[in-house]
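Examining the three-dimensional arrangement
Residues per chain are reported as follows:
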Amino acid sequence: MKKDKNHRFGTRAVHGGVEPDPSTGAIMTPIYQTSTYAQNAPGEHKGFEYSRTQNPTRIALEKSIATLEGGEYGIAFSSGMAAISSVIQLLKAGDHVVCSDDVYGGTFRLFDKIYKNFGLEFSFVDTSNPENIKKGLTEKTVMIWLETPTNPTLKVTDLKEASAIAKKHKALMVVDNTFMSPYFQRPLELGADIVLHSTTKYIAGHSDIIGGAIVANDSDLAEKLYFIQNAAGAVPGPMDCFLTLRGIKTLHLRMERHEHNARKIFEYLKKQPAAKKIYYPGDPDHPGHEIQKKQSSGFGSIVSFDIGTLENARRFMSELEVFTIAESLGSVESLIEHPAIMTHASVPPENRAKLGITDGFIRISVGVEDIDDLLDDLGRGLGAIK
Ligand SMILES: *Cc1c(COP(=O)(O)O)cnc(C)c1O
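Because the structure is predicted, anything quoted here is derived from the model rather than measured. (Residues numbered from 1 in each chain as written. Predicted model: local features only at pLDDT ≥ 70, side-chain atom pairs only at ≥ 80, totals over all residues. Heavy atoms only, no water.)

1. Observations regarding the overall build of the protein
From N to C terminus, the protein includes 15 helices and 12 strands. Relative to the compact-globule value of 21 Å for 386 residues, the protein shows a C-alpha radius of gyration of 21 Å, a close match. For the protein, the residues scored as buried account for 56% of the 386 residues in total. Contacts spanning at least 24 positions in sequence make up 73% of the contacts within the protein whose residues lie at least 6 apart. Put simply, the protein shows about 16,500 Å² of open surface, and 53% of that area lies on carbon and sulfur atoms. The protein carries 43 positive and 48 negative side-chain charges, and their two centres are separated by 3 Å. (Helix = DSSP H or I, 4+ residues; strand = E, 2+ residues; numbered from the N terminus. Rg over C-alpha atoms; globule rule 2.2 N^0.38 Å. Buried < 20%, exposed > 50% of the residue type's maximum accessible area, 1.4 Å probe, protein only. Contact = heavy atoms within 4.5 Å. Areas by Shrake-Rupley, 256 points an atom, 1.4 Å probe, with all protein chains shown as cover. Lys, Arg positive; Asp, Glu negative; His and termini not counted. Charge placed at Lys NZ, Arg CZ, Asp CG, Glu CD.)

This is how it looks when you write it as C-alpha coordinates:
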(Lines give C-alpha, C1' and ligand atoms only; values in the text may rest on other atoms or scores of the structure.)
Protein backbone atom coordinates (compact mmCIF):
# COMPACT_ATOMS: atom_id res chain seq x y z
CA MET A 1 0.00 0.00 0.00
CA LYS A 2 2.70 2.46 1.01
CA LYS A 3 4.74 1.64 -2.05
CA ASP A 4 1.73 1.98 -4.38
CA LYS A 5 1.12 5.53 -3.25
CA ASN A 6 4.43 6.74 -4.61
CA HIS A 7 3.58 5.48 -8.06
CA ARG A 8 1.77 7.31 -10.84
CA PHE A 9 -1.76 6.42 -11.90
CA GLY A 10 -0.99 3.94 -14.68
CA THR A 11 1.41 2.01 -12.45
CA ARG A 12 -1.14 1.95 -9.64
CA ALA A 13 -3.80 0.70 -12.08
CA VAL A 14 -1.60 -2.24 -13.09
CA HIS A 15 -0.09 -3.09 -9.69
CA GLY A 16 -2.15 -1.44 -6.95
CA GLY A 17 -3.34 -3.79 -4.20
CA VAL A 18 -2.08 -6.85 -6.04
CA GLU A 19 0.77 -8.95 -4.64
CA PRO A 20 1.85 -12.32 -6.06
CA ASP A 21 -0.22 -14.98 -4.29
CA PRO A 22 1.71 -16.02 -1.16
CA SER A 23 1.06 -19.76 -1.58
CA THR A 24 2.17 -20.14 -5.24
CA GLY A 25 3.54 -16.85 -6.54
CA ALA A 26 0.63 -16.61 -9.02
CA ILE A 27 0.94 -13.14 -10.49
CA MET A 28 -2.83 -12.71 -10.82
CA THR A 29 -4.77 -12.76 -7.56
CA PRO A 30 -6.57 -16.14 -7.62
CA ILE A 31 -10.36 -16.34 -7.57
CA TYR A 32 -10.82 -17.57 -4.01
CA GLN A 33 -14.16 -19.22 -4.70
CA THR A 34 -14.77 -20.32 -1.15
CA SER A 35 -17.35 -19.48 1.48
CA THR A 36 -15.34 -20.52 4.54
CA TYR A 37 -11.80 -21.26 5.76
CA ALA A 38 -10.40 -24.10 7.87
CA GLN A 39 -9.33 -23.15 11.39
CA ASN A 40 -6.57 -25.04 13.25
CA ALA A 41 -8.47 -24.78 16.51
CA PRO A 42 -11.55 -22.73 17.46
CA GLY A 43 -10.66 -19.10 16.77
CA GLU A 44 -7.21 -20.02 15.43
CA HIS A 45 -7.20 -18.98 11.77
CA LYS A 46 -5.15 -17.17 9.13
CA GLY A 47 -7.19 -13.96 9.21
CA PHE A 48 -10.02 -15.44 7.15
CA GLU A 49 -13.18 -16.82 8.75
CA TYR A 50 -16.11 -16.48 6.38
CA SER A 51 -16.25 -14.91 2.90
CA ARG A 52 -18.92 -12.32 3.68
CA THR A 53 -16.42 -10.95 6.19
CA GLN A 54 -13.09 -11.49 4.39
CA ASN A 55 -12.13 -12.82 0.99
CA PRO A 56 -8.63 -12.47 -0.49
CA THR A 57 -9.81 -11.65 -4.02
CA ARG A 58 -12.12 -8.97 -2.67
CA ILE A 59 -9.40 -7.52 -0.45
CA ALA A 60 -7.07 -7.15 -3.45
CA LEU A 61 -9.83 -5.28 -5.31
CA GLU A 62 -10.55 -3.06 -2.31
CA LYS A 63 -6.88 -2.10 -2.02
CA SER A 64 -6.63 -1.46 -5.74
CA ILE A 65 -9.62 0.89 -5.86
CA ALA A 66 -8.42 2.71 -2.73
CA THR A 67 -5.03 3.44 -4.30
CA LEU A 68 -6.68 4.68 -7.50
CA GLU A 69 -8.76 7.21 -5.56
CA GLY A 70 -5.74 8.18 -3.46
CA GLY A 71 -7.57 6.94 -0.37
CA GLU A 72 -6.76 4.70 2.59
CA TYR A 73 -9.72 2.33 2.74
CA GLY A 74 -11.60 0.56 -0.06
CA ILE A 75 -14.84 -1.34 0.52
CA ALA A 76 -16.35 -3.40 -2.30
CA PHE A 77 -20.03 -4.16 -2.88
CA SER A 78 -22.18 -6.32 -5.10
CA SER A 79 -23.48 -3.31 -7.07
CA GLY A 80 -23.26 0.45 -7.22
CA MET A 81 -26.71 0.58 -5.61
CA ALA A 82 -25.49 -1.68 -2.78
CA ALA A 83 -22.63 0.77 -2.16
CA ILE A 84 -25.06 3.71 -2.17
CA SER A 85 -27.48 1.90 0.13
CA SER A 86 -24.63 1.04 2.51
CA VAL A 87 -23.60 4.70 2.76
CA ILE A 88 -27.19 5.66 3.63
CA GLN A 89 -27.16 2.99 6.35
CA LEU A 90 -24.72 5.25 8.23
CA LEU A 91 -27.74 7.50 8.94
CA LYS A 92 -30.68 7.24 11.31
CA ALA A 93 -34.35 8.26 11.19
CA GLY A 94 -34.76 12.03 11.21
CA ASP A 95 -31.47 12.72 9.41
CA HIS A 96 -31.63 14.94 6.35
CA VAL A 97 -29.61 14.70 3.12
CA VAL A 98 -29.11 17.41 0.50
CA CYS A 99 -28.77 15.65 -2.85
CA SER A 100 -28.08 16.71 -6.45
CA ASP A 101 -31.39 16.92 -8.31
CA ASP A 102 -29.98 15.17 -11.38
CA VAL A 103 -28.58 12.05 -9.66
CA TYR A 104 -28.56 8.60 -11.18
CA GLY A 105 -32.20 7.49 -11.54
CA GLY A 106 -31.68 4.46 -9.29
CA THR A 107 -30.23 6.66 -6.54
CA PHE A 108 -33.28 8.93 -6.64
CA ARG A 109 -35.57 5.89 -6.57
CA LEU A 110 -33.74 4.33 -3.60
CA PHE A 111 -33.90 7.55 -1.59
CA ASP A 112 -37.43 8.55 -2.58
CA LYS A 113 -39.17 5.16 -2.60
CA ILE A 114 -37.33 3.22 0.11
CA TYR A 115 -35.28 5.29 2.55
CA LYS A 116 -37.95 7.97 2.91
CA ASN A 117 -40.12 5.24 4.48
CA PHE A 118 -37.49 4.81 7.19
CA GLY A 119 -37.78 8.41 8.36
CA LEU A 120 -34.85 9.83 6.38
CA GLU A 121 -35.41 13.11 4.58
CA PHE A 122 -33.99 14.21 1.26
CA SER A 123 -33.93 17.56 -0.53
CA PHE A 124 -33.07 17.42 -4.22
CA VAL A 125 -31.46 20.66 -5.37
CA ASP A 126 -29.44 21.88 -8.33
CA THR A 127 -26.00 21.61 -6.70
CA SER A 128 -24.27 23.15 -9.74
CA ASN A 129 -25.07 26.40 -7.94
CA PRO A 130 -23.51 26.10 -4.45
CA GLU A 131 -26.03 28.64 -3.11
CA ASN A 132 -28.71 25.97 -3.56
CA ILE A 133 -26.73 23.57 -1.33
CA LYS A 134 -26.60 26.25 1.38
CA LYS A 135 -30.31 26.96 1.02
CA GLY A 136 -31.09 23.24 1.22
CA LEU A 137 -29.34 22.76 4.59
CA THR A 138 -31.44 22.29 7.72
CA GLU A 139 -30.33 21.66 11.28
CA LYS A 140 -30.90 17.98 10.57
CA THR A 141 -28.65 17.86 7.50
CA VAL A 142 -25.86 15.34 8.07
CA MET A 143 -24.92 14.48 4.49
CA ILE A 144 -24.45 16.20 1.14
CA TRP A 145 -24.75 13.80 -1.79
CA LEU A 146 -23.22 14.84 -5.08
CA GLU A 147 -22.75 13.51 -8.54
CA THR A 148 -20.60 15.51 -10.96
CA PRO A 149 -21.00 15.61 -13.88
CA THR A 150 -24.58 14.41 -13.52
CA ASN A 151 -26.48 11.87 -15.51
CA PRO A 152 -27.64 12.55 -18.19
CA THR A 153 -27.50 16.37 -18.44
CA LEU A 154 -23.86 16.58 -17.25
CA LYS A 155 -24.26 19.41 -14.77
CA VAL A 156 -21.03 20.15 -12.92
CA THR A 157 -20.75 20.85 -9.19
CA ASP A 158 -17.72 22.63 -7.69
CA LEU A 159 -16.47 20.00 -5.24
CA LYS A 160 -14.14 22.30 -3.32
CA GLU A 161 -16.89 24.83 -2.72
CA ALA A 162 -19.35 22.10 -1.77
CA SER A 163 -16.79 20.63 0.63
CA ALA A 164 -16.35 24.01 2.35
CA ILE A 165 -20.12 24.16 2.87
CA ALA A 166 -20.21 20.57 4.14
CA LYS A 167 -17.33 21.12 6.58
CA LYS A 168 -18.85 24.30 7.98
CA HIS A 169 -22.13 22.45 8.59
CA LYS A 170 -20.30 19.33 9.89
CA ALA A 171 -22.03 17.22 7.25
CA LEU A 172 -20.40 14.34 5.39
CA MET A 173 -19.81 14.94 1.71
CA VAL A 174 -20.37 11.93 -0.53
CA VAL A 175 -19.45 11.97 -4.23
CA ASP A 176 -20.63 9.40 -6.75
CA ASN A 177 -17.58 9.48 -9.03
CA THR A 178 -18.79 6.85 -11.50
CA PHE A 179 -18.90 9.18 -14.51
CA MET A 180 -15.30 10.40 -14.23
CA SER A 181 -13.52 7.36 -12.78
CA PRO A 182 -10.53 8.07 -10.55
CA TYR A 183 -8.43 8.53 -13.68
CA PHE A 184 -10.02 11.92 -14.33
CA GLN A 185 -11.31 13.00 -10.92
CA ARG A 186 -10.38 12.17 -7.33
CA PRO A 187 -12.95 13.76 -5.00
CA LEU A 188 -11.13 12.82 -1.76
CA GLU A 189 -8.37 15.22 -2.83
CA LEU A 190 -11.03 17.92 -3.24
CA GLY A 191 -12.52 17.50 0.23
CA ALA A 192 -15.01 14.63 -0.07
CA ASP A 193 -15.37 12.27 2.91
CA ILE A 194 -16.67 9.35 0.88
CA VAL A 195 -16.27 8.59 -2.81
CA LEU A 196 -18.25 5.82 -4.40
CA HIS A 197 -18.54 4.03 -7.71
CA SER A 198 -20.67 1.80 -9.73
CA THR A 199 -17.66 -0.31 -10.76
CA THR A 200 -20.02 -1.81 -13.35
CA LYS A 201 -19.08 1.20 -15.50
CA TYR A 202 -15.57 2.47 -16.31
CA ILE A 203 -13.72 0.71 -13.48
CA ALA A 204 -14.53 -2.82 -14.63
CA GLY A 205 -15.16 -1.43 -18.10
CA HIS A 206 -16.19 -4.50 -20.10
CA SER A 207 -19.95 -4.88 -19.49
CA ASP A 208 -19.37 -8.19 -17.74
CA ILE A 209 -20.06 -7.53 -14.06
CA ILE A 210 -22.28 -5.52 -11.71
CA GLY A 211 -20.30 -4.04 -8.82
CA GLY A 212 -19.81 -1.12 -6.49
CA ALA A 213 -17.13 0.36 -4.25
CA ILE A 214 -16.59 3.00 -1.59
CA VAL A 215 -13.32 4.72 -0.67
CA ALA A 216 -12.75 6.79 2.48
CA ASN A 217 -9.77 8.20 4.35
CA ASP A 218 -11.13 8.49 7.87
CA SER A 219 -10.54 5.28 9.85
CA ASP A 220 -13.68 5.63 12.03
CA LEU A 221 -15.86 6.19 9.00
CA ALA A 222 -14.22 3.26 7.17
CA GLU A 223 -14.75 1.02 10.18
CA LYS A 224 -18.47 1.83 10.17
CA LEU A 225 -18.65 1.08 6.45
CA TYR A 226 -16.83 -2.26 6.84
CA PHE A 227 -19.27 -3.05 9.63
CA ILE A 228 -22.23 -2.31 7.33
CA GLN A 229 -20.63 -4.32 4.51
CA ASN A 230 -20.42 -7.37 6.76
CA ALA A 231 -23.62 -6.80 8.76
CA ALA A 232 -25.90 -5.98 5.80
CA GLY A 233 -23.96 -8.32 3.53
CA ALA A 234 -24.13 -6.81 0.01
CA VAL A 235 -20.71 -8.21 -0.91
CA PRO A 236 -19.44 -9.05 -4.40
CA GLY A 237 -18.46 -12.60 -5.32
CA PRO A 238 -14.79 -13.43 -5.91
CA MET A 239 -15.26 -14.02 -9.64
CA ASP A 240 -16.67 -10.51 -10.07
CA CYS A 241 -13.83 -9.09 -7.99
CA PHE A 242 -11.32 -10.82 -10.25
CA LEU A 243 -12.96 -9.46 -13.41
CA THR A 244 -13.04 -5.97 -11.92
CA LEU A 245 -9.34 -6.19 -11.04
CA ARG A 246 -8.61 -7.35 -14.55
CA GLY A 247 -10.53 -4.38 -15.96
CA ILE A 248 -8.67 -1.92 -13.74
CA LYS A 249 -5.33 -2.87 -15.28
CA THR A 250 -6.28 -0.98 -18.46
CA LEU A 251 -8.37 1.80 -16.88
CA HIS A 252 -5.90 4.55 -17.81
CA LEU A 253 -5.59 3.33 -21.41
CA ARG A 254 -9.35 3.02 -21.85
CA MET A 255 -10.11 6.43 -20.35
CA GLU A 256 -7.69 8.12 -22.75
CA ARG A 257 -9.38 6.51 -25.74
CA HIS A 258 -12.90 7.13 -24.38
CA GLU A 259 -12.02 10.78 -23.98
CA HIS A 260 -10.47 11.08 -27.42
CA ASN A 261 -13.47 9.51 -29.13
CA ALA A 262 -16.00 11.56 -27.13
CA ARG A 263 -14.28 14.81 -28.08
CA LYS A 264 -14.38 13.89 -31.79
CA ILE A 265 -18.06 13.01 -31.51
CA PHE A 266 -18.84 16.29 -29.77
CA GLU A 267 -17.04 18.20 -32.54
CA TYR A 268 -18.98 16.25 -35.16
CA LEU A 269 -22.38 16.76 -33.48
CA LYS A 270 -21.72 20.47 -33.11
CA LYS A 271 -21.79 20.76 -36.90
CA GLN A 272 -25.11 18.89 -37.21
CA PRO A 273 -28.20 21.13 -37.15
CA ALA A 274 -30.33 18.10 -36.13
CA ALA A 275 -28.48 17.90 -32.79
CA LYS A 276 -30.29 20.86 -31.28
CA LYS A 277 -28.70 21.00 -27.89
CA ILE A 278 -25.53 19.16 -26.90
CA TYR A 279 -24.51 18.37 -23.34
CA TYR A 280 -20.77 17.73 -22.91
CA PRO A 281 -18.57 19.25 -20.20
CA GLY A 282 -15.69 19.55 -22.68
CA ASP A 283 -17.74 22.12 -24.61
CA PRO A 284 -16.24 25.57 -23.84
CA ASP A 285 -19.84 26.88 -23.81
CA HIS A 286 -20.98 24.31 -21.23
CA PRO A 287 -21.85 26.22 -18.02
CA GLY A 288 -19.67 23.90 -15.91
CA HIS A 289 -16.70 23.80 -18.29
CA GLU A 290 -14.31 25.95 -16.23
CA ILE A 291 -15.05 24.13 -12.98
CA GLN A 292 -14.68 20.79 -14.72
CA LYS A 293 -11.27 21.87 -16.05
CA LYS A 294 -10.20 22.96 -12.58
CA GLN A 295 -11.25 19.85 -10.65
CA SER A 296 -10.81 17.07 -13.22
CA SER A 297 -8.19 16.15 -15.76
CA GLY A 298 -10.74 15.18 -18.40
CA PHE A 299 -14.33 15.40 -19.58
CA GLY A 300 -15.28 11.73 -19.74
CA SER A 301 -17.11 9.98 -22.54
CA ILE A 302 -20.77 10.74 -21.99
CA VAL A 303 -22.33 13.03 -24.59
CA SER A 304 -26.04 13.84 -24.56
CA PHE A 305 -28.01 15.71 -27.18
CA ASP A 306 -31.52 16.67 -28.06
CA ILE A 307 -32.74 15.55 -31.43
CA GLY A 308 -36.10 17.31 -31.24
CA THR A 309 -38.80 14.66 -31.06
CA LEU A 310 -39.45 11.09 -29.98
CA GLU A 311 -40.01 10.19 -33.63
CA ASN A 312 -36.56 11.56 -34.54
CA ALA A 313 -34.96 9.71 -31.64
CA ARG A 314 -36.56 6.42 -32.72
CA ARG A 315 -35.54 6.83 -36.36
CA PHE A 316 -32.01 7.90 -35.48
CA MET A 317 -31.44 5.00 -33.09
CA SER A 318 -32.92 2.38 -35.40
CA GLU A 319 -30.29 3.08 -38.08
CA LEU A 320 -27.24 2.52 -35.89
CA GLU A 321 -24.98 -0.48 -36.46
CA VAL A 322 -22.04 0.07 -34.11
CA PHE A 323 -23.80 1.80 -31.21
CA THR A 324 -25.92 -0.65 -29.25
CA ILE A 325 -29.22 0.49 -27.73
CA ALA A 326 -28.73 -0.40 -24.08
CA GLU A 327 -28.74 1.00 -20.57
CA SER A 328 -25.41 1.40 -18.76
CA LEU A 329 -22.26 3.27 -19.76
CA GLY A 330 -18.51 3.36 -19.35
CA SER A 331 -17.67 0.18 -21.18
CA VAL A 332 -15.45 -0.54 -24.18
CA GLU A 333 -18.40 -0.66 -26.55
CA SER A 334 -20.42 2.41 -27.50
CA LEU A 335 -23.95 2.45 -26.12
CA ILE A 336 -26.89 4.71 -26.84
CA GLU A 337 -30.05 5.18 -24.83
CA HIS A 338 -33.23 7.20 -24.50
CA PRO A 339 -33.37 8.37 -20.84
CA ALA A 340 -37.10 9.30 -20.78
CA ILE A 341 -38.06 5.75 -21.79
CA MET A 342 -35.10 3.79 -20.39
CA THR A 343 -32.81 4.86 -17.51
CA HIS A 344 -34.85 7.79 -16.22
CA ALA A 345 -38.35 6.35 -16.59
CA SER A 346 -38.61 6.27 -12.77
CA VAL A 347 -38.01 10.03 -12.56
CA PRO A 348 -41.41 11.80 -12.45
CA PRO A 349 -42.21 13.48 -15.82
CA GLU A 350 -42.37 16.96 -14.23
CA ASN A 351 -38.85 16.50 -12.80
CA ARG A 352 -37.62 15.22 -16.16
CA ALA A 353 -39.05 18.29 -17.87
CA LYS A 354 -37.35 20.55 -15.33
CA LEU A 355 -34.01 18.85 -16.03
CA GLY A 356 -34.40 19.14 -19.81
CA ILE A 357 -34.79 15.39 -20.37
CA THR A 358 -37.24 15.75 -23.24
CA ASP A 359 -38.63 13.03 -25.52
CA GLY A 360 -35.93 13.92 -28.05
CA PHE A 361 -33.12 13.58 -25.50
CA ILE A 362 -30.47 10.95 -26.28
CA ARG A 363 -27.46 9.90 -24.20
CA ILE A 364 -24.46 8.15 -25.64
CA SER A 365 -21.62 6.44 -23.85
CA VAL A 366 -18.72 6.61 -26.25
CA GLY A 367 -16.67 3.43 -26.35
CA VAL A 368 -13.13 2.74 -27.51
CA GLU A 369 -13.87 1.57 -31.05
CA ASP A 370 -12.35 3.12 -34.16
CA ILE A 371 -13.63 6.68 -34.16
CA ASP A 372 -14.33 6.74 -37.91
CA ASP A 373 -16.77 3.85 -37.56
CA LEU A 374 -18.54 5.68 -34.75
CA LEU A 375 -18.81 8.86 -36.82
CA ASP A 376 -20.08 6.90 -39.85
CA ASP A 377 -22.68 5.33 -37.59
CA LEU A 378 -23.93 8.67 -36.29
CA GLY A 379 -24.05 9.94 -39.87
CA ARG A 380 -26.26 6.98 -40.80
CA GLY A 381 -28.60 7.78 -37.91
CA LEU A 382 -28.81 11.47 -38.78
CA GLY A 383 -29.48 10.59 -42.42
CA ALA A 384 -32.67 8.84 -41.33
CA ILE A 385 -34.25 11.99 -39.89
CA LYS A 386 -33.49 14.48 -42.65
C1 LIG B 1 -24.89 2.77 -12.78
C2 LIG B 1 -24.79 3.82 -11.78
C3 LIG B 1 -25.14 3.58 -10.44
C4 LIG B 1 -25.71 2.26 -9.97
O5 LIG B 1 -24.78 1.24 -10.06
P6 LIG B 1 -25.15 -0.32 -10.32
O7 LIG B 1 -23.82 -0.96 -10.42
O8 LIG B 1 -25.97 -0.37 -11.57
O9 LIG B 1 -25.93 -0.78 -9.14
C10 LIG B 1 -24.97 4.61 -9.54
N11 LIG B 1 -24.52 5.82 -9.93
C12 LIG B 1 -24.18 6.08 -11.20
C13 LIG B 1 -23.67 7.44 -11.56
C14 LIG B 1 -24.31 5.10 -12.17
O15 LIG B 1 -23.99 5.38 -13.43
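Alright, that's what it looks like, and here's the rest.
2. A word on unusual backbone geometry
With an omega dihedral of -10°, the bond running from Thr148 to Pro149 counts as a cis peptide bond. Here Pro149 is to be found in the loop between β4 (141–147) and α7 (159–168). Along the chain, Asn151 connects to Pro152 via a cis peptide bond; the corresponding omega equals 5°. Within the fold, Pro152 resides in the loop between β4 and α7. Residues other than glycine seldom take positive phi values, yet Ser328 does so here, at roughly 85°. When you line up the elements, Ser328 lands in the loop between β10 (324–325) and β11 (335–337). The class of Ser328 is partly exposed, set by a relative accessible area of 27%.

3. Considerations on the sheet that holds strand β1 (residues 73–77)
Ordered in space as β1-β7-β6-β5-β4-β2-β3, the 7 strands form an open sheet in which the pairing is mixed. The open sheet has two edge strands with one neighbour each: β1 and β3 (121–125). Neighbour to neighbour, the strand axes of the sheet diverge by 20° on average, direction disregarded. Pairing of β1 with strand β7 (residues 212–216) involves 5 bridges; the strand directions are antiparallel. Note that in β7 the partner of Ala76 across the bridge is Ala213. Sheet strands in contact with helix α5 (residues 105–114) are β2 (96–100), β3 and β4, and its direction is about 145° off that of β3. (Pairing = 2+ DSSP bridges. Axes fitted to C-alpha atoms, helices over the stretch in contact; angles between N-to-C directions.)

4. Comments concerning the sheet that holds β10
Pairing in this open sheet of 5 strands is mixed, and the strands run β8-β9-β12-β11-β10 from one edge to the other. A single partner strand is all that each edge strand has here, and the edge strands are β8 (277–279) and β10. Pairing geometry for β10 and β11, over 2 bridges, is parallel. Paired with Thr324 across the two strands is Leu335, which belongs to β11.

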